[in-house]
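Residues per chain are reported as follows:
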Amino acid sequence: MATESQEDLNKFLSQVDDIHRLVQNLSSNDTNDVSKAMEESDVLLKQISKTGVDRTVINKSPSQPIPQEQLSQAAFMSALEKDAEERAENRRKNKILADEFKTKGNDAFHQQSYDQAIDYYTQGLKAKKDYDILYTNRAQVYVKQERYEEAMNDCDWALKVTPTYIKAYVIKGKCLINLKEFDRAKEQFLEAEQIAITNFESINTRRMIEECIQDVQRQRDKYQREESARIFLSNENLSEAMNLTNTLRKLNTDKQPIIFYIGGIDLLCQLIKDETTRTAFRVDHGFDLFNSHSIIAENTHENLSAAIFNLMIVLSQDDDENTKQCLESKYFNNYLLKYKYSSTALQYLVDTSLKTNSRLILMGKININKFIEYLLNIIQDKKSHQVYATKLLSNLAVEPKIKQHFNSKDELTKLISILKSISIDHQIRTVMLSLLTNLCSEKTIRSCVIEQTELLQILMKDFEYNDNERQLNLLGLLINLTNEKSSSLERISQQLCEKIIQLKHSSYHQRIFTLLGNIAMHYEQTISILLQNKIISLISQALQQDENEEKIRAAVRLLALCTQSNVQAQQMVANDTKLLSVIYTQLIKSQHSLLIGNASLVFGNVITYSSVQKFLQDYSGIDKTISHMLKLVEQSWLSKVARKNVAIFITKLVKADESFLDEFRKQHGTEILHSALKDIEL
């Protein structure tokens, strides 16, 4: 931006502040303030009448200047009010004009007419110099043109207008990434993150910023790998026939037999052994083979395709940039349209679909209905590569577009019929459970599956298979299916609990406790079955084995449900000192609202037992117990439900034991609870 424009903006901002301050002082009850304001207003009016001011700041043509000697306080106030009205009207008109240029600029930007877009945004800024959106819009155009310094300059001006403008920090951070100034880029994103937290921005905004912070490290790693690759290539001995540079050079020759290219690509797979050589392939323009080679880029010869996808597997290993270039390549896009994939191609698609970014690229390239139909045909026809087809569909099933396809009852029925088939391969069945698990995170699909009584019976039989992966997938599916109460599940709930308890010696305690918690929440009659099968003892042993927080969260939730109204469960927990110590430790140390809330519920449910009161006296002490709980209930980051549960625990504790009540009074507990819970309905 020109220096003159910068000065105009600064002048505008400063004079608005001056006039606002003078008006306040002229209205003061202090005669000294009024007198001083009158003197300053005389100076300001001389400047205005002598030099004039840009229309975006103050009216250039005010009514005939009032002689200074005749100017009274009332007259000056009247002049200021009139000028303020005219200025407000001018700013309103300028905003309308600036918005018109913004719309034109946006249209030009979307049409990739970048110079035209810049011109429109610039004209908009002439009309309204303090329009932050126009600065960042123009900055985005500069980024497209790789004019990063100019883009950052516009971001700086946007931040002068609006210091908390997250978009400006993000654009500036991305510019710095492109300039390889990674530390400075991270600073911009961290600043944006802090603003987002302070201003309670949406979860999507915060996730976007988190992604930007992660991208700094990805781009730093990419840059360092490419620098290492350049050093590697510069030190290659070109007299050796079998090196990366010579092999790529030979492969780029035309009019050779297919077997020549197959052999060369196989050789590349042997030469590319690590991060440096994977990056060197990219730096040395290796992807030209997939994009512009006259024979390779468009050839679908079976053996050549197998060689190419083997190479893609090697290139994409732990390398997001190579994966992206493979998926964007001309060869890949041509091959994808054939709907006749080799095992190697499907293996590559399975590997790449595990990562969110590459999965989204793939999703953007396929015809959803046609692609799913093709994969299901492979699975049903029991072809040699049906495992890869099933795994690929399972990986893609986390995406909303795939779920939308199976929202159709007919399409979902096709899938379920495969799972119900008695002739289905053991490995395919295991993966199908994972596929259905991903789909059943969607409520509509889940509701339809729950009504499949025959399928539920088949799932019950799956507990009999001593296969770790199948058990893991089965538990995951049932967790999703038990999210809501259902008459179909209620009929088998007690039997289901007994089946789940049989897995107590497995390593999947987190899923076991989560599933049992879902069942206990919806079907209270199952709690007695759990107690008969010594669930409290199982939880106690599992929690003492390690401190996996996900497992602890699931277990404490289950304990809260069991002890809510079941006296037997309350007695068991109250008499287990080791279990109480684990729960209390999590209560005072965890940073997770759900865990704290449920741990408070457990203690609230069992605090009437003298053994629990004695435990708290011995383990933490009366004063520290009260202090810990009062501090906890004041934590603003804690959810309202969790704070409410802590408060209920405190209330029950001081009611049950007078020694805790005395300490509660000493620490002004009533006042603290009243202040901390004023926004919570108890």
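Residues numbered from 1 in each chain as written. Predicted model: local features only at pLDDT ≥ 70, side-chain atom pairs only at ≥ 80, totals over all residues. Heavy atoms only, no water.

Engineer: Tell me about the side chain of Ser488, and name the residues and values.
Structural biologist: For Ser488, the location among the structural elements is in helix α27 (residues 487–501). In this structure the side chain of Ser488 is engaged in a polar contact, spanning 3.4 Å, whose partner is the side chain of Glu451. Other than its neighbours up to four places away in sequence, Ser488 contacts Ile450, Glu451 and Leu456. (Helix = DSSP H or I, 4+ residues; strand = E, 2+ residues; numbered from the N terminus. Polar contact = N/O pair within 3.5 Å; in protein donor to acceptor, adjacent residues only side chain to side chain. Contact = heavy atoms within 4.5 Å.)

Engineer: Quick one: what's the story with the pattern of salt bridges, residue by residue and with numbers?
Structural biologist: What the rule picks out here adds up to 25 salt bridges. Residue Glu211 pairs with Arg218 through a salt bridge whose shortest N-O separation is 2.3 Å. With relative accessibility at 33%, the residue Glu211 sits in the partly exposed group. Residue classification places Arg218 among the partly exposed residues on the basis of a relative accessible area of 27%. Here Asp320 makes a salt bridge to Lys355, at a shortest N to O gap of 3.2 Å. With Asp320 in helix α15 (residues 320–328) and Lys355 in the loop between α17 (343–352) and α18 (356–363), this pair connects stretches of sequence that are 35 residues apart. For Asp320, a relative accessible area of 36% gives the class partly exposed. It is possible to trace a salt-bridge network through shared partners that takes in Arg91, Lys128 and Asp130. (Salt bridge = Lys/Arg side-chain N within 4 Å of Asp/Glu carboxyl O. Buried < 20%, exposed > 50% of the residue type's maximum accessible area, 1.4 Å probe, protein only.)

Engineer: Provide a residue-level description of the nonpolar core, including the pertinent values.
Structural biologist: Taken as a class, soluble globular proteins show a tendency for nonpolar side chains to be buried jointly. Grouped together as the largest cluster of nonpolar side chains are 156 residues, with contacts concentrated most on Phe290, Tyr341, Phe513, Ile535 and Phe603. Considering each element in turn, this core owes the most residues, nine residues, to helix α31 (residues 549–563). Residues in contact with Phe513, not counting those within four places in the same chain, are Ile535, Leu538, Ile539, Ala542, Lys551, Ala554, Ala555 and Leu558. Ala108, Leu176, Ile209 and Val216 belong to the second-largest nonpolar core, a separate cluster that totals 40 residues. (Core = buried A, V, L, I, M, F, W, Y, C linked by side-chain atoms within 4.5 Å.)

Engineer: An account of the layout of surface pockets is needed here, citing residue identities and associated values.
Structural biologist: A volume near 880 Å³ is recorded for the largest pocket. Together, 26 residues line the largest pocket, and Asp215, Arg218, Gln219, Glu321 and Lys324 are the ones closest to its centre. Looking at the lining of the largest pocket, the elements that each hand over two or more residues are α7 (166–178), α9 (203–234), α15 and α18. Top element by residues in the lining of the largest pocket is α9. It accounts for 10 residues. Residue composition of the lining of the largest pocket, grouped by class: four nonpolar, seven polar and 15 charged. (1 Å grid on protein atoms, 1.4 Å probe; cavity = no way out; pocket = protein on both sides within 12 Å on 5 of 7 lines; lining within 4 Å. Points joined across faces, edges and corners; volume = space filled by probe spheres on them. Nonpolar A, V, L, I, M, F, W, Y, C, P; charged D, E, K, R; others polar.)

Engineer: So what about helix α28 (residues 509–522)? Which residues, and what values?
Structural biologist: Along an α-helix, a turn takes 3.6 residues, which lines up residues three or four apart on a common side. Over its 14 residues, α28 extends 20 Å from the first C-alpha to the last, a length consistent with the 20 Å expected when each residue adds 1.5 Å. Counting buried positions along α28 yields 11 of 14 residues, so the element is predominantly enclosed. Residues of α28 that are buried include every one of His509, Ile512, Phe513, Thr514, Leu515, Leu516, Gly517, Asn518, Ile519, Ala520 and His522, and no others. Buried residues belonging to α28 abut α26 (468–481), α27, α29 (526–532), α30 (535–545) and α31. (Expected span 1.5 Å × (residues − 1).)

Engineer: Give me the packing of aromatic side chains: which residues, what numbers.
Structural biologist: Scanning the entire structure with this criterion turns up 23 aromatic pairs. Where Phe109 meets Tyr114, the ring centres are 5.8 Å apart and the plane angle is 55 degrees; that geometry is what we call tilted. When the ring of Phe260 is compared with that of Tyr261, the centres are 5.3 Å apart and the planes differ by 85 degrees; the resulting orientation is edge-to-face. Given the relative accessible area of 32%, Phe260 is considered partly exposed. Here a set of aromatic residues connected by ring pairs shows up, and it is made of Phe309, Tyr331, Phe332, Tyr335, Tyr339, Tyr341, Tyr348, Phe371 and Tyr374. (Phe/Tyr/Trp six-rings, centres within 6.5 Å; stacked < 30°, edge-to-face > 60°.)

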